[in-house]
Amino acid sequence: MTETPWHAVPPAETAAALASPPEGLSPAEAADRLARVGPNRLTPPKPRPGWLRFLKQFDNILIYVLLASGALALLLGHWTDAGVIFGVVVVNALIGFLQEGKAEQALAAIRGMLSPQAIALRGGEAVTLPAEDLVPGDRVLLASGDRVPADLRIERAKGLRVQEAALTGESVPVAKDPAAVAEDAALGDRAGMAYAGTLVAQGQGTGIVVATGDATEIGRIGHLLASVQTLTTPLLAQMAAFGRWLTVLILVLAVVTFAYGSLVMHEPWQDMVLAAVGLAVAAIPEGLPAVMTITLAIGVTRMARRNAIIRHLPAVETLGSVGVICSDKTGTLTRNELTVQTVMTAAATYAVGGSGYRPEGDIHRDGTLVDPAAEADLTTLARAALLCNDAALHRDPGGDWTLTGDPTDGALLTFAMKAGVDPAEELGRCPRRDAVPFESEQQFMATLHHDHAGHGLIVLKGAPERVIARCETELSDGASSPLDRGRWAARAAELGAEGQRVIALAIRRTPLSLGELNLADLEEGLTLLGLCGLIDPPRQEALCAVQACQAAGITVKMITGDHAATAGAIGHRFGLTGGVVTGPELDRMDDTAFATAARGNGVFARTTPEHKLRLVTALQAAGRSVAMTGDGVNDAPALKRADVGVAMGRNGTEAAKEAASMVLADDNFASIVHAVEEGRTVYDNLRKTILFMLPTNGGQALVILLAVLTGTTLPITAVQILWVNMVTAVTLGLALAFEPAEPGVMARPPRPQDEPILARFLVVRMLLVMVLLVAASFGFFHLHLAHGDAIEAARTMAVNALVVGEIFFLLNARAILAPVLSLRALFGSRPVWLSIALMAALQLAFTYAPPLQALFGTAAVDWTDWVLMAGAGLAIFLTVETEKAWTRRHLNPSPVPGEGGAVGAG
């Protein structure tokens, strides 16, 4: 956006500063300016090619170690080993590549919001031209239904109202006025500006182009969006740190293995290279990325069933750590449908039920249900609300009601129909003859009606202070009485303090001879009927969802472009703690005060895109994992920056959807709570999967290390290790991805971002399982060698002993602390037993199928050997369950998934 605060500059000075004559720029001057400033369109970003996205899948330190291992095997002529290693790497890369979403499209969506055509004055003539040909200094004509083509300084406005919800969060069209405003006015308070990409809801006007393309407000948001750095998710950060640590450990062990075998045991160096490669391949959980991806994808499917569409896969797990939800107000916590909530007549105050534009809802007087037909003053006010109205309601075949026209008029029309007034009948009985349209200078609208009995009627509606000033009497119990201006002003202020938008209605009887309505007819002598309080009502399901968030230890904050009083009233309804802070107040704070305000307040009003982005960043700097919800263009930068950006699917802009990592199909805040529950479940299952896979990899590595240290033959080859890693990963490891939510998953607080994936007692358990697996594998290998069996048969026993041990440990891993000794816990998960059956079939093929025997160097074993291996596996299972019981009794670790209840059924 240009540096000049055009909203604070009067139109005449703006025209002079931009050399904009009343008749518009000449074609030659416009062409010259276009050559200098460039076309009125946003600069597209450079797309990232697909091949580069594919290569990025290899940018992982563990993958580098695997590639190096494959290269060493290749140099030594072990083509099968190298081929299998490279095949595993490529498969992992393909999975990651295919799971990535489509390329960033938020800027393209914002570019699409610019108007394709505009009407401008050129050389004294109104011409239609492509919007991209507009230049600063052009004079643009605006009419109802137009999309504003550039940032304009309003010069003339006649009933001009602009829908700016996508840009500011304001839920109703904003009346435009050419008058200058304060330089520090919030975006939504700049009545003299019309911004590119917004919609003209009503009226006409002209404006001077002050900014085009990237310099517009929407262009500035696009730049802001492009500059926002997306954060890595907690799990990815933890896994990256774990990968670096594991890589160093693997390399050290591989070097030690090679050096000890070559220098101390005097083994051939080629054999020791293969042993080192085997150890590296064994220790690297190459199947883990695939299992993690599939686990996240299962979470995506579960969330989709609950109306949460995940666009970026890691967001599934991040949802489980969310500690703060920063929510937009309009359309997210509220319905984005104005509703008459309160009606005040001289004698009574009424509460109007229902929400949205469905003309259904009870009306209560002082808490008692009333028949509107029996309330004369209420019915008179409802008739006036219907007559002085330009909106229409339509019922579609599905039974939903849609509005045509202004939201305020729609709310008043809906109230009139709730009060029993039929639009067709009333307008037929008292048709309109003339009208004074709403003007921002006047702040009211008036209509003139003639009935068929020879009576005339003026109906006036508008801002309370303007309407009350023109009234002399008030309607009370069907009769006119002197007007108490002070009382009505106090009642209007009372509604305003509750965040309601107040509309006053008045009437005056006229003779039939009055056939044209002028402002002079509205100056005095009117009778005040009452006040209507309108509000964008909270979604009932959102009220319950916010309570559920608070019960789960999640703080909810509301960040909106709406007025402070309205935002504060909605925040109070939702029970949001802390005060209300406005955007201008945030601007006056230094970084320390800003951070304190971000943490301590629950409602932020009159905010700009920069405020939203700064608030999200400040909360993240305080160590909180932040989800941001929104539906407008103004929300896009904060949606992208947040740990989880959540856009509305029905009413959200494309820019918001593309910047977000999750889209709510039903625009329901409650769906976020369901998504958080699924996110916590996914994280629990990922922990279980990691707890299961790492001891199996470590056990294989220890088998090789122990063989080198003792100078014995390797019990397992590198290719056999890859078989175990990949097959167990995609069968046994994957089964844990289907585990249901643990009891009380939403009763515990969000996990800290720096919480390790595996607690200390889990590391101890992993070491215990590694030792047990090594003992089983090494023991069966040497037992068969001692009996004179061939090396192939002994290695087959070593591999199968490992797999059987892993199968029994899988049952342990279904719960981190809870026992799984009951029949329900053991047999309650169908995916676990299906994976065990599949693993058993694969191992039988591995052992007895000739093609696999040739590929992996295996041999058939006797059925009695399987019985012995099952016994060893059962011993591992009972040992781990004993360790769990001891841990529960003595260590009392902090609450973790699976504690305090039996494992749930699948």
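In this text, all values refer to a predicted model and were calculated from it rather than measured experimentally.

A. Seen up close, unusual backbone geometry. In the Ramachandran plot, Asn307 falls in the positive-phi region, its phi being about 70 degrees despite a non-glycine side chain. Topologically, Asn307 is positioned in the loop between helix H11 (288-304) and strand S8 (308-310). Phi angles above zero are rare outside glycine, and Gln443 is one such case at about 65 degrees. Tracing the backbone through its elements, the reader meets Gln443 in the loop between strand S16 (432-439) and strand S17 (444-450). Judged by relative accessible area, which is 26%, Gln443 ranks as partly exposed.

B. Spatial organisation of the packing of aromatic side chains. Counted according to the given criterion, the structure contains four aromatic pairs. For the cation-ring pair, Arg161 lies above Phe438, with the distance from its terminal atom to the ring centre recorded as 4.7 Å. Above the plane of the ring of Tyr683 lies Arg751, whose end atom (NZ or CZ) is 3.4 Å from the centre.

C. Spotlight on helix H19 (residues 540-551). With twelve residues, H19 should cover 16 Å at 1.5 Å per step; its first-to-last C-alpha distance of 17 Å lies within 8% of that length. Three or more residues of H19 are buried, namely Ala542, Leu543, Ala545, Val546 and Cys549. Along the axis of H19, the buried residues cluster in a sector spanning 165 degrees; they form a single face. Among the exposed residues of H19, those oriented more than 90 degrees off its buried face are Gln540, Gln547 and Ala551.

D. The arrangement of the environment of Glu337 in detail. Mapped onto the elements, Glu337 comes out in the loop between helix H13 (329-333) and strand S10 (339-344). The spacing of Glu337 and Asp536 is 199 residues in sequence and 5.6 Å in space, taken between C-alpha atoms. When near neighbours in sequence (up to four residues on either side) are disregarded, Glu337 contacts Gly356, Tyr357, Ile535, Asp536 and Pro537.

E. Here's a closer look at empty space enclosed by the protein. Following the criterion strictly, the structure yields three cavities of 30 Å³ or more and no others. Roughly 50 Å³ of volume is contained in the largest cavity. Among the elements that take part in the lining of the largest cavity, helix H14 (residues 376-387) stands out by supplying four residues, more than any other. Taken together, the residues of the lining of the largest cavity sort by class into five nonpolar, one polar and two charged.

F. Geometry of the layout of surface pockets. By volume, the second largest pocket amounts to about 1,300 Å³. What lines the second largest pocket is a set of 44 residues, among which Arg335, Asn336, Glu337, Tyr357 and Asn651 lie closest to the centre. Broken down by secondary-structure element, the contributors of at least two residues to the lining of the second largest pocket are helix H7 (165-168), strand S7 (199-211) and strand S15 (401-404). A per-element tally of the lining of the second largest pocket places S7 first, with four residues. Here the residues of the lining of the second largest pocket sort into 16 nonpolar, 16 polar and twelve charged.

Conventions we followed
- Residues numbered from 1 in each chain as written.
- Predicted model: local features only at pLDDT ≥ 70, side-chain atom pairs only at ≥ 80, totals over all residues.
- Heavy atoms only, no water.
- Helix = DSSP H or I, 4+ residues; strand = E, 2+ residues; numbered from the N terminus.
- Buried < 20%, exposed > 50% of the residue type's maximum accessible area, 1.4 Å probe, protein only.
- Phe/Tyr/Trp six-rings, centres within 6.5 Å; stacked < 30°, edge-to-face > 60°.
- Lys NZ or Arg CZ within 6 Å of the ring centre and 35° of its normal.
- Expected span 1.5 Å × (residues − 1).
- Arc of directions from axis to C-beta.
- Contact = heavy atoms within 4.5 Å.
- 1 Å grid on protein atoms, 1.4 Å probe; cavity = no way out; pocket = protein on both sides within 12 Å on 5 of 7 lines; lining within 4 Å.
- Points joined across faces, edges and corners; volume = space filled by probe spheres on them.
- Nonpolar A, V, L, I, M, F, W, Y, C, P; charged D, E, K, R; others polar.

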